[in-house]
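# Report on the structure
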Amino acid sequence: MPPTQARRATFGLFGLNGFLLGMWIVHIPLVKDRTGIDDSTLGGMLLLVGIAALVGMQAGGRLIDRIGSAPTVAVSMTVLALVLPFIALAESPVALAVVLAVLGLANGVVDVAQNAQAVVVERAYGRPIMSAFHALFSMGNLAAAIVGGVLIGQDVGMLATLSAAAIVGIAGAAVCRRPLLADAAPAPTEDGGRRRVPWTPRVALLGGLAFALMLSEGVAYDWSTVHLRDSLGSTETVAAWAFGAFSATMTIVRLVADRIVARVGSATYVSIAALVGAVAMLGVVLAPNAPVAIAAWALFGVGLAGCVPQFFSAAGNVDPTAAGTYLARITSFGYTGLLAGPSIIGFLRTWVSLPTALLVPLVGCLAAGLLARRALAGRVDA
């Protein structure tokens, strides 16, 4: 199939993934009321989703290297869609936990598989296109927020809404499956067994930098509004603008980052962009008022937006015959950072102020800026 068709199909997969997850997220308050769980239990449920996703990523990597990313993403996306109505049917915390564990597992497989397919398509194109795929995921989130919000406002039942979303997901996975490209064939082993995929210093560095930058992203998601409200005394409405500004710049920059990477190279791009993120976080830490803080959070989005996709692209090209395994490793590092970042800031808040705790993502961005060339262009795996 022509790469243009595969590219459109992969865009569809990322957008569909964002939409399906977004439909679950917008219904969290209703699910909480239906099952009668408190905030602490909800936090545990969300952690369960994250842990299950990490397990799914490892399983997904192995599946991709055995059967390919195209069938893996199609089946796992279908499972992800099928789970949604069961969220609405869960009436007890135990039932909800089981459903969310399956949701997390399926999404972990989807995450690795769609990124593996994106690497294959990018390789076929011969130029950077990875960041745009991630922009479609953000757009899918936005679509779910709009559609879900409207339907909830119209008192449409949660089961009907999530069932309709499941139908969209199943149909979308089927439509996107056909144009996808085949992965590189696994390298044969002498005894015909499963090849051991080695760790290298470069892969470890890619994983560490993905951890640092996705930790920073997670901090923005969970602490940007709190920073404005608690540290700068803003109203909740104004505080929400910080997250909105960050999300908007993340989406916009991801749409144009590929063109910049094509001109300057991924190593140069990440080196500069991550340092922009560090400067932006310094602006957040020192911000004297809400307008400055909002501008700094927006600049933070500019810095982070296109970086992690470059690490995923590099991971998928370390060894194309083991792209699934390497992508699973880097994705797991990054996802762990996304989960750990907000918790680390919360832990530090016991001893220091929030602005001081936010020096953690600043250091992470600084490290990524200084080490990006070694990870993306250097020979650290020799």
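Scroll up a little and you will see the structure.
Source: prediction; values computed, not measured. (Residues numbered from 1 in each chain as written. Predicted model: local features only at pLDDT ≥ 70, side-chain atom pairs only at ≥ 80, totals over all residues. Heavy atoms only, no water.)

With that out of the way, let us pick up the pattern of salt bridges. Applying the stated criterion to the full structure yields 2 salt bridges. For the salt bridge of Glu91 with Arg34, the shortest nitrogen-to-oxygen distance reads 3.2 Å. With Glu91 in the loop between helix H4 (69–89) and helix H5 (93–125) and Arg34 in helix H2 (residues 28–35), this pair connects stretches of sequence that are 57 residues apart. Overall, the relative accessible area of 37% leaves Arg34 in the partly exposed class. Here Asp230 and Arg229 are joined by a salt bridge, their closest N and O atoms 2.9 Å apart. (Salt bridge = Lys/Arg side-chain N within 4 Å of Asp/Glu carboxyl O. Helix = DSSP H or I, 4+ residues; strand = E, 2+ residues; numbered from the N terminus. Buried < 20%, exposed > 50% of the residue type's maximum accessible area, 1.4 Å probe, protein only.)

Moving on to the nonpolar core. Judged by nonpolar contacts, the single largest core of 119 residues is most densely connected at Ile87, Trp297, Phe300, Phe311 and Leu358. The residues touching Ile87, leaving out its near neighbours within four places in the chain, are Trp24, Val31, Leu96, Val99, Leu100, Leu103 and Leu162. (Core = buried A, V, L, I, M, F, W, Y, C linked by side-chain atoms within 4.5 Å. Contact = heavy atoms within 4.5 Å.)

Our next topic: the side chain of Arg202. Along the chain, Arg202 turns up in helix H8 (residues 201–232). Here the side chain of Arg202 touches Ala375 through a polar contact of 2.7 Å, landing on its backbone oxygen. (Polar contact = N/O pair within 3.5 Å; in protein donor to acceptor, adjacent residues only side chain to side chain.)

Attention shifts here to a nonpolar patch on the surface. Where nonpolar side chains cluster on the molecular surface, the patch consists of Val75, Val79, Val94, Val98 and Val102 and spans about 410 Å² of accessible area. A residue is classified by how much of its surface remains accessible, and Val94, at 63% relative accessible area, is exposed. (Patch = residues over 30% accessible without salt bridge, like charges linked within 9 Å, V, L, I, M, F, W, Y side chains within 5 Å. Areas by Shrake-Rupley, 256 points an atom, 1.4 Å probe, with all protein chains shown as cover.)

Two elements in contact, H8 and helix H9 (residues 236–264), have axes whose closest approach is 6 Å; the angle formed by their N-to-C orientations is 150°. What the angle tells us is that H8 and H9 run roughly antiparallel. For the crossing formed where H8 meets H9, the hand is right-handed. Contacts between H8 and H9 involve Glu217, Ala220, Tyr221, Ser224, Thr225, Leu228 and Arg229 on the former and, on the latter, Glu236, Val238, Ala239, Ala240, Ala242, Phe243, Phe246, Met250 and Arg254. Broken down by class, the residue content of the contact of H8 with H9 amounts to 10 nonpolar, 2 polar and 4 charged. (Axes fitted to C-alpha atoms, helices over the stretch in contact; angles between N-to-C directions. Parallel < 35°, antiparallel > 145°, perpendicular 65-115°, else oblique. Left-handed = near helix turned anticlockwise from the far one by under 90°. Nonpolar A, V, L, I, M, F, W, Y, C, P; charged D, E, K, R; others polar.)

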